Amino acid sequence: EQPLTISCNGDHSASLAAHVQGGRRFPSGLPYTYQWSYSIDGVAAYASLPFTDSLISGRGAGFYKVLIKDKNNNTTTKIHQIVQPDKVAYDVTVKN
């Protein structure tokens with residue numbers, strides 16, 4: 001899967017949506033639970049995020065992992081990467 005690229009360095013405008021099929025519904029009628037986590041580089045430990053829906057938004061560059069569970073505790077995990085362009089670099093030359 002290709003990484004999602006945000007438009008500007010440092011931007012936090014990306015959204016990720018988990019689309020799931022199958023499994024068993026909970027008594028509440030909800031089909032799944034979602035547990036999102038984040039890692040800056042995909043190597044460092046993932047930190048839990050306060051999202052419990054299939055959609056998260058306002059996200060910046062990094063690696064996002066979603067753990068999805070159904071009523072029978074069947075789970076699946078997927079990792080998504082969001083990348084950003086390099087910072088704009090410039091030099092200023094002062095002439096007398």
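Details of the structure are given in the entry above.
All of the points below concern the structure found in this document.

1. A look at the overall build of the protein chain
Phase 1: Along the protein chain, the regular secondary structure elements total 0 helices and 7 strands.
Phase 2: Going from the N terminus to the C terminus, the protein chain shows its helices and strands as β-β-β-β-β-β-β.
Phase 3: A compact globule built from 96 residues would reach a C-alpha radius of gyration of about 12 Å, whereas the protein chain, at 18 Å, exceeds it by more than 25%.
Phase 4: With the principal axes as the frame, the protein chain shows a C-alpha extent of 75 × 25 × 25 Å.
Phase 5: Looking at the 96 residues of the protein chain, the share that counts as buried comes to 22%.

2. So, the environment of Asp-86
Phase 1: With respect to the helices, strands and loops of the structure, Asp-86 is situated in the segment after strand E7 (75-83).
Phase 2: Looking at Asp-86, the relative accessible area reads 72%, which means it is exposed.

3. Here's the deal with the pairing of strand E2 (residues 14-17)
Phase 1: Alternating positions in E2 separate cleanly, Ala-14 and Leu-16 being buried on one face and Ser-15 and Ala-17 remaining unburied on the opposite face.
Phase 2: Bridge analysis of E2 against strand E5 (residues 55-59) gives 3 bridges, and the strand direction is antiparallel. Across the sheet, residue Leu-16 finds its bridge partner in E5, namely Ile-56.

4. A look at the nonpolar core
Phase 1: Counting 13 residues, the largest nonpolar core has Leu-16, Tyr-34, Trp-36, Tyr-64, Ile-68 and Ile-82 as the members making the most contacts within it.
Phase 2: Those elements that place two or more of their residues in this core are E2, strand E3 (33-39) and strand E6 (62-69).

5. With respect to the packing of aromatic side chains
Phase 1: For the structure on display, the rule yields 2 aromatic pairs.
Phase 2: An angle of 70 degrees between the planes, with centres 6.4 Å apart, marks the rings of Tyr-32 and Tyr-34 as edge-to-face.
Phase 3: Its relative accessible area of 12% is what places Tyr-32 among the buried residues.
Phase 4: In this structure Tyr-34 comes out as buried when scored by relative accessible area, which is 13%.
Phase 5: Considering the side-chain rings of Tyr-38 and Tyr-64, the 5.0 Å spacing of their centres and the 50 degrees angle between planes classify their relative orientation as tilted. Linking Tyr-38 in strand E3 with Tyr-64 in strand E6, this pair joins segments that are 26 residues apart in sequence.

6. Side note on the pairing of E3
Phase 1: As paired strands, E3 and E6 are joined by 7 bridges and run antiparallel to one another. Within E6, the position partnered with Tyr-38 by the bridge is Tyr-64.
Phase 2: Sheet analysis places E3 next to strand E4 (residues 47-48), joined by 2 bridges and oriented antiparallel. Looking across to E4, one finds that Tyr-38 is bridged to Ala-47.

Here is what the cut-offs are and how they apply
- Residues numbered from 1 in each chain as written.
- Predicted model: local features only at pLDDT ≥ 70, side-chain atom pairs only at ≥ 80, totals over all residues.
- Heavy atoms only, no water.
- Helix = DSSP H or I, 4+ residues; strand = E, 2+ residues; numbered from the N terminus.
- Rg over C-alpha atoms; globule rule 2.2 N^0.38 Å.
- Buried < 20%, exposed > 50% of the residue type's maximum accessible area, 1.4 Å probe, protein only.
- Pairing = 2+ DSSP bridges.
- Core = buried A, V, L, I, M, F, W, Y, C linked by side-chain atoms within 4.5 Å.
- Phe/Tyr/Trp six-rings, centres within 6.5 Å; stacked < 30°, edge-to-face > 60°.

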